[in-house]
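# A closer look at the structure
Residues per chain, in single letters:
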Amino acid sequence: MTISRLSALTVATLTATLVGCGGDSGGSSSDNAATIEAPTTYTFVNADDESTVSYSGQTARHILISDLKAATAAVTDSSTTEDFDYYFRFNSDENGDNPHNFSIDEQTLEQTTYNSISSGKDLISKIAGQDKEEHILDGEFFGWGDVETPTDLVDQYFADLIATADTAFTIETTEDDAASVTTAYVSEHGLDYVQLIQKFLLGAVTFSQGTADYLQTDFADAANLTIVDGKTYTAAEHKWDEAFGYFGATRNFNDFTDDEIAIKGGRPEFQGYNDADGGGTLDLTSEVIFGNSANCAKRDRGATVETDFTKEAFDAFLNGRAIVAKASADGELTEEMATLLEEQIEIAAVTWEKCIAATVVHYINDTIADMDNFDGTKFADVANFTDLAKHWGEMKGFALGLQFNPLSPFRADDTTLDNLKAVLSLMGDAPVLADGTQAGVAFTGGVSQYKTDLLEARDLLRDAYGFDDSNAANW
């Protein structure tokens, strides 16, 4: 991503024409065309110059996921296992004024408690199926044994992590046939619960809510185009903002380079955050990057054949919000504007998903690389084992989330959905270890066959999203 690029311009042969701040998009128009101006930052105001943007609740949930990850990563034995439900089933009335644990470099944060971000928020009420049954798409949750709901899977991960924390075990390495593994959140079967829990919640909460709920709003409904009592925005504007909040980008996302989003170089004031208003503190709801938006930049950086997921997704959110703002001001979403909006919804949802899917591909490659480091039936060292657990957990955790988007390429028909189920089945519910076992049972064909299975899963992902062969091989 280059710096300070104008918003991508949607060109359509419609009477509604979307333009950026730089001028006309070049699309055809007529005397009665609706001119819709998309800004370069996620900044929208009403006639009184008051901001109409609001998604603080989504930021609060990003913070809860971050704090839960930190709590699981801090486990050293069962005596240090925190009550994980403190974060998952967070009680804002009782604990909302407690300080959150999120920090970034040595920056001063504008919001230091949960309620100062947004009150009344938790994770469980927004996980797929818990909030609305239909967010378990087609009534079927799949991908991890016979677990029936996302909530059940999170609870199982919590219980397994607590049990694992006190389970001492050894592995065979090149140097030691009984090398002790002291990472308490990694099981003897190579399950890294820190990664599994966090990555799954990014799918089952943030991605599900953004794509299956808020981007599926009836934006043409007149009731959604009226100002919410006591607020500056309409329900349509707010719902679009909430989807954007779950994506996790800053409002000036186009001002960052991919290196800066990924915190891999660039200007020191743009390292995953930016004090855009110059106020001296970081506003968590607008100036810090969270969640899958960062994965978009990581994959753009690693692409052999250029991709620009960061800009495609962010610009779709900008363009769509501009359309919704216009419809809110007019009190009507015309047929032409509705067509434009549907295009932006699909771009935002599918590009967001591509960022996740490309990340799954990345961790398939990392998992295979870890297996290439095996020394026969032994691990090269303890780090070889814990690296495998980490990369496999990230791969599987992210992959489970691909089932929550109703606009997913995997949702085109029964055959494509079967391909997603095949991806998750090929991964299994644990990695194949150096001794050729998976979850304590000999894996047919051993390590070699499991590598082949992972490559097959990678091919299914490549084909579903149209990824370039060299990108799939090198991410």
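These numbers come from a predicted model, not from an experiment.

### A few points about the overall build of the protein
Across its full length, the protein carries 15 helices and six strands. Relative to a compact globule of 475 residues, whose C-alpha radius of gyration would be 23 Å, the protein shows 23 Å and is just as compact. For the protein, the spread of C-alpha atoms along the three principal axes comes to 80 × 50 × 45 Å. Counting only residues that meet the buried cut, the protein has 56% of its 475 residues in that class. Here the contacts in the protein between residues at least 6 apart in sequence split such that 70% fall between residues at least 24 apart. Split by element, the accessible area of the protein, about 18600 Å² in all, is 44% carbon and sulfur. Charge centroids of the protein, computed over 28 positive and 82 negative side chains, lie 2 Å from each other.

### Quick notes on empty space enclosed by the protein
The final tally for this structure, using the stated rule, is two cavities of 30 Å³ or more. Estimates place the volume of the largest cavity at around 50 Å³. Taken together, Tyr55, Thr59, His62, Gly245, Gly248, Ala249, Thr250, Leu284, Thr285, Ser286, Val288 and Phe290 make up the full set of residues lining the largest cavity. For the lining of the largest cavity, the class distribution of residues is five nonpolar, seven polar and no charged. When its volume is computed, the second largest cavity comes out at roughly 40 Å³. The wall of the second largest cavity is formed by Ala60, Leu64, Phe90, Ser92, Tyr114, Asn115, Ser118, Gly120 and Lys121. Those elements giving two or more residues to the lining of the second largest cavity turn out to be helix H1 (56–73) and helix H4 (114–117). For the lining of the second largest cavity, the residue count by class is four nonpolar, four polar and one charged.

### Quick look at the layout of surface pockets
The space that makes up the largest pocket amounts to roughly 790 Å³. Around the largest pocket sit 32 residues that line it, and Lys69, Gln198, Gly291, Ala294 and Lys298 are the ones nearest its centre. Contributing elements (two or more residues each) for the lining of the largest pocket: H1, helix H6 (193–213), helix H9 (292–302), helix H11 (335–372) and helix H12 (382–400). Among the elements that make up the lining of the largest pocket, the one with the highest residue count is H1 (six residues). Taken together, the residues of the lining of the largest pocket sort by class into 14 nonpolar, eleven polar and seven charged. Each pocket or cavity is described by its volume, and for the second largest pocket that value is around 270 Å³. What lines the second largest pocket is a set of 16 residues, and nearest its centre among them are Val45, Glu237, Ala325, Lys326 and Ala329. Only strand E2 (34–38) and helix H10 (309–330) provide two or more residues apiece to the lining of the second largest pocket. With six residues, H10 is the single largest residue contributor to the lining of the second largest pocket.

### Quick word on the confidence of the model for the protein
Mean pLDDT over the protein works out to 93, with 93% of the residues at or above the 70 mark. When the criterion is pLDDT under 50, residues 1–16 qualifies, and its contacts beyond four places in sequence or with other chains add up to 63 contacts. A low-confidence stretch, residues 21–33 (pLDDT under 50), is modelled with 22 contacts involving residues beyond four sequence positions or located in other chains.

Calculation criteria
Residues numbered from 1 in each chain as written. Predicted model: local features only at pLDDT ≥ 70, side-chain atom pairs only at ≥ 80, totals over all residues. Heavy atoms only, no water. Helix = DSSP H or I, 4+ residues; strand = E, 2+ residues; numbered from the N terminus. Rg over C-alpha atoms; globule rule 2.2 N^0.38 Å. Buried < 20%, exposed > 50% of the residue type's maximum accessible area, 1.4 Å probe, protein only. Contact = heavy atoms within 4.5 Å. Areas by Shrake-Rupley, 256 points an atom, 1.4 Å probe, with all protein chains shown as cover. Lys, Arg positive; Asp, Glu negative; His and termini not counted. Charge placed at Lys NZ, Arg CZ, Asp CG, Glu CD. 1 Å grid on protein atoms, 1.4 Å probe; cavity = no way out; pocket = protein on both sides within 12 Å on 5 of 7 lines; lining within 4 Å. Points joined across faces, edges and corners; volume = space filled by probe spheres on them. Nonpolar A, V, L, I, M, F, W, Y, C, P; charged D, E, K, R; others polar. pLDDT = per-residue confidence, 0-100.

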